[in-house]
Structure formats: C-alpha cells, structure tokens
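# Tertiary structure, described
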Amino acid sequence: MSNHTYKKIEIVGSSEISSDNAIENAIAKASKSLKNLRWFEVVENRGLIGDNSKISYWQVTVKIGFTMED
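What this report covers is the structure whose coordinates are included nearby. This structure is a prediction, so every number in the text was calculated from the model and none was measured.

### Some thoughts on helix H1 (residues 19-33)
In this model H1 runs 22 Å from its N-terminal to its C-terminal C-alpha over 15 residues, within 8% of the 21 Å that 1.5 Å per residue would give. Within H1, burial applies to Ser19, Asn21, Ala22, Ile23, Ala26 and Ala30. The secondary structure elements touched by the buried residues of H1 are strand S1 (6-15), strand S2 (37-49) and strand S3 (55-67). At the N-terminal boundary of H1, the capping side chain belongs to Ser18, with an oxygen 3.5 Å from the backbone nitrogen of Asp20.

### Some thoughts on the pairing of S3
Along any regular strand, the residues point their side chains to alternate faces of the sheet. Relative to S3, S1 runs antiparallel, the two being bridged by 10 bridges. Paired with Ser15 across the two strands is Trp58, which belongs to S3. Pairing of S2 with S3, which is carried by 11 bridges, proceeds in the antiparallel orientation. Paired with Leu48 across the two strands is Tyr57, which belongs to S3.

### A word on unusual backbone geometry
With the exception of glycine, the majority of residues adopt a negative phi angle, and the majority of peptide bonds are in the trans configuration. In this model, Asn36 sits at a positive phi of 60 degrees, which is unusual for a non-glycine residue. Along the chain, the position of Asn36 falls in the loop between H1 and S2. Backbone geometry at Ser53 places phi at a positive 60 degrees, although glycine is not the residue there. By the secondary structure assignment, Ser53 is in the loop between S2 and S3. What makes Ser53 exposed here is its relative accessible area of 64%.

Thresholds applied
Residues numbered from 1 in each chain as written. Predicted model: local features only at pLDDT ≥ 70, side-chain atom pairs only at ≥ 80, totals over all residues. Heavy atoms only, no water. Helix = DSSP H or I, 4+ residues; strand = E, 2+ residues; numbered from the N terminus. Expected span 1.5 Å × (residues − 1). Buried < 20%, exposed > 50% of the residue type's maximum accessible area, 1.4 Å probe, protein only. Contact = heavy atoms within 4.5 Å. Polar contact = N/O pair within 3.5 Å; in protein donor to acceptor, adjacent residues only side chain to side chain. Pairing = 2+ DSSP bridges.

This is the structure we're talking about:
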C-alpha cells in the first residue's frame, strides 16, 4: 500500500427530496472539479419547514476527503 496525502474540504449540498439526496448532490458537484474523492463525513443536517409543517428542503454540510496527486 502506498502512502497517501489527503486534503479535506467542506461543502453544503441541498435537495428538495431528502438528506441523502443532498449528500449525493454535494458529492456529484465536487466530483466535477476534484479528482480522487475517497470519503465523506456528515457534519451538519438541517432543513426548512414549509407552510404545511413538513420538510420542504434539506441542506447537509459534508466534509469530503480526496487524495492529492503527486
């Protein structure tokens, strides 16, 4: 196994569907500009309560780790 150096960023994904979908959106967006994504960690979960007293929007803060290139 080779030695790796990792970098970690923090981003916020959002979704009208679910918190899982918000995470997936964040990772999909990050993968467009970053390579070698390896893991994620959920830091914060929050949502907007709509007029009908139901969750209408999710925001999830995630830290994403990726290996740095040589």
